[in-house]
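Each chain, written out:
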Amino acid sequence: GAVVSQHPSWVICKSGTSVKIECRSLDFQATTMFWYRQFPKQSLMLMATSNEGSKATYEQGVEKDKFLINHASLTLSTLTVTSAHPEDSSFYICSARDGGIAGEERNEQFFGPGTRLTVL
Amino acid sequence: QKEVEQNSGPLSVPEGAIASLNCTYSDRVSQSFFWYRQYSGKSPELIMSIYSNGDKEDGRFTAQLNKASQYVSLLIRDSQPSDSATYLCAVLAIYNQGGKLIFGQGTELSVKP
């Protein structure tokens, strides 16, 4: 259980184009999903918290107009990197919490396999 | 600023030894703590969660929590080369908008055959 998928696993695009990354919870309903970015040899950086049916909450310094997040259903959240530039090249990882779990374990987050974005 | 501190390593142990990974956190209110393992080029994988003071064992892994000292650790017994990875300590922080994990910078573990 608690499987999270991401698509695509990697993408190469030209500067100025937009890229959409999908995050799906396969065997549970995720009322909350999180989007992280990780640069080489660095820890995870939380970009935004995505709640189903409402606007995402962005971390300080993350441009909401550049990183568009949509959480339209309990199993799907998308991150769109608009007008991508080489400095946006990174490893993007989503995670999800199982909304059906009660107690302390409800705070456990399960990560997708990540999407490696390279902007030329 | 709520922070989580880990030694970046690398921590090198011989195969079969006990690996000890440590983490301290600054937020006294935190109640939930997690250890994730991340292999190079892969995403993090949850290996342990701990919520109460004391020890929690799962196979070769033991998590230890001391809330008074704001300290959480992970012990890996009978370390194997396949345990070589970066281990991330994460602490749940509660904000007005809900809870989110604060990650340490990770400790790189190398288990030598």
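For the structure itself, consult the block above.
Residues numbered from 1 in each chain as written. Chains lettered and ligands numbered in written order. Predicted model: local features only at pLDDT ≥ 70, side-chain atom pairs only at ≥ 80, totals over all residues. Heavy atoms only, no water.

Peer 1: A description of the pattern of salt bridges should follow, citing residues and the corresponding values.
Peer 2: All names here are of chain A. Scanning the entire structure with this criterion turns up 6 salt bridges over all chains. The partner of K66 in a salt bridge is D88, and the shortest N-O contact between them spans 2.9 Å. On the criterion of sequence distance, the pair formed by K66 in the loop between β6 (57-58) and β7 (67-73) and D88 in the loop between β8 (76-81) and β9 (90-97) is long-range, its members being 22 residues apart. The buried category is assigned to D88, whose relative accessible area is 5%. (Salt bridge = Lys/Arg side-chain N within 4 Å of Asp/Glu carboxyl O. Helix = DSSP H or I, 4+ residues; strand = E, 2+ residues; numbered from the N terminus. Buried < 20%, exposed > 50% of the residue type's maximum accessible area, 1.4 Å probe, protein only.)

Peer 1: So, the interface of chain A and chain B: which residues are in play, and what are the values?
Peer 2: If you look at the interface, chain A gives 22 residues, while chain B gives 20 residues. Where chain A abuts chain B, roughly 1600 Å² becomes buried across the two surfaces, and 53% of that area is made up of carbon and sulfur atoms. Our count for the chain A to chain B interface comes out at 1 salt bridge. Residue E59(A) is joined to K100(B) by a salt bridge in which the shortest nitrogen-to-oxygen separation is 2.7 Å. Linking chain A with chain B are 9 residue pairs in polar contact (both at pLDDT 80 or more). Broken down by secondary-structure element, the contributors of at least two residues to the side of chain A that touches chain B are β4 (32-38), β9 and β10 (109-111) of chain A. Its residues placed into classes, the side of chain A that touches chain B shows 9 nonpolar, 7 polar and 6 charged. (Contact = heavy atoms within 4.5 Å. Buried area = accessible area lost by both parts, 1.4 Å probe. Polar contact = N/O pair within 3.5 Å; in protein donor to acceptor, adjacent residues only side chain to side chain. Nonpolar A, V, L, I, M, F, W, Y, C, P; charged D, E, K, R; others polar.)

Peer 1: Account for the sheet that holds strand β1 (residues 4-7) of chain A, naming residues and giving values.
Peer 2: Residues and elements named next belong to chain A. On the basis of which strands lie adjacent, the open sheet formed by 4 strands has the order β1-β3-β8-β7 and antiparallel pairing. Of all the strands in the sheet, the pair left with one neighbour each is β1 and β7. For this sheet, the mean inter-axis angle between neighbouring strands, taken without regard to orientation, is 15°. Examined bridge by bridge, strand β3 (residues 19-25) and β8 share 6 bridges and lie antiparallel to one another. Looking at the pairing, V19 lines up with V81 of β8. (Pairing = 2+ DSSP bridges. Axes fitted to C-alpha atoms, helices over the stretch in contact; angles between N-to-C directions.)

Peer 1: Can you explain the pairing of strand β6 (residues 54-58) of chain B? Please cite residues and give values.
Peer 2: All names here are of chain B. Taken together, the 5 bridges between β6 and strand β7 (residues 61-66) define a ladder with antiparallel strand orientation. Residue K56 lies in a different strand from β7, and its bridge partner there is A63. In this structure, the hairpin formed by β6 and β7 is closed by a connection of 2 residues, where G59 is found at a positive phi of approximately 65°.

Peer 1: Give a detailed account of the side chain of S25(A), specifying residues and quantitative values.
Peer 2: Residues and elements named next belong to chain A. Looking at where S25 falls in the secondary structure, it is placed in strand β3. A residue is classified by how much of its surface remains accessible, and S25, at 4% relative accessible area, is buried. Among the polar contacts made by the side chain of S25, one reaches the main-chain carbonyl oxygen of F28 at a distance of 2.8 Å. Every residue in contact with S25, bar those within four places of it in the chain, is listed here: V3, A30, M33, L74 and T75.

Peer 1: Any chance you could break down the state of the cysteines for me, citing the residues and the numbers?
Peer 2: The final tally for this structure, using the stated rule, is 2 disulfides over all chains. Paired by a disulfide, C23(A) and C94(A) hold their sulfur atoms 2.0 Å apart. Between C23(A) and C94(A), the S-S torsion sits near 80°, and that sign places the bridge as right-handed. Within this pair, whereas C23(A) is found in strand β3, its partner C94(A) is found in strand β9, the two being separated by 71 residues in sequence. Note on C23(A): relative accessible area 0%, which makes it buried. At a sulfur-sulfur separation of 2.1 Å, the disulfide partner of C23(B) is C89(B). Its S-S torsion of about -70° marks the bond between C23(B) and C89(B) as left-handed, since a negative value means left-handed. Pair noted here: C23(B) is in strand β3 (residues 19-25) and C89(B) is in strand β9 (residues 85-95), with a separation of 66 residues, a long-range link. (Disulfide = S-S within 2.5 Å.)

Peer 1: Before we move on, can you summarise the packing of aromatic side chains with the specific residues and values?
Peer 2: Between two aromatic rings, the relevant description is the distance of the centres plus the angle of the planes. Residue and element names in this part refer to chain A. Evaluation of the coordinates by the stated rule reveals 9 aromatic pairs over all chains. Seen from their ring centres, F67 and Y92 are 6.4 Å apart, and the 40° between their planes marks the pair as tilted. Remark: Y92 occurs in strand β9 and F67 occurs in strand β7; sequence separation between them is 25 residues. Residues F67 and Y92 agree in their burial class; the two are buried. (Phe/Tyr/Trp six-rings, centres within 6.5 Å; stacked < 30°, edge-to-face > 60°.)

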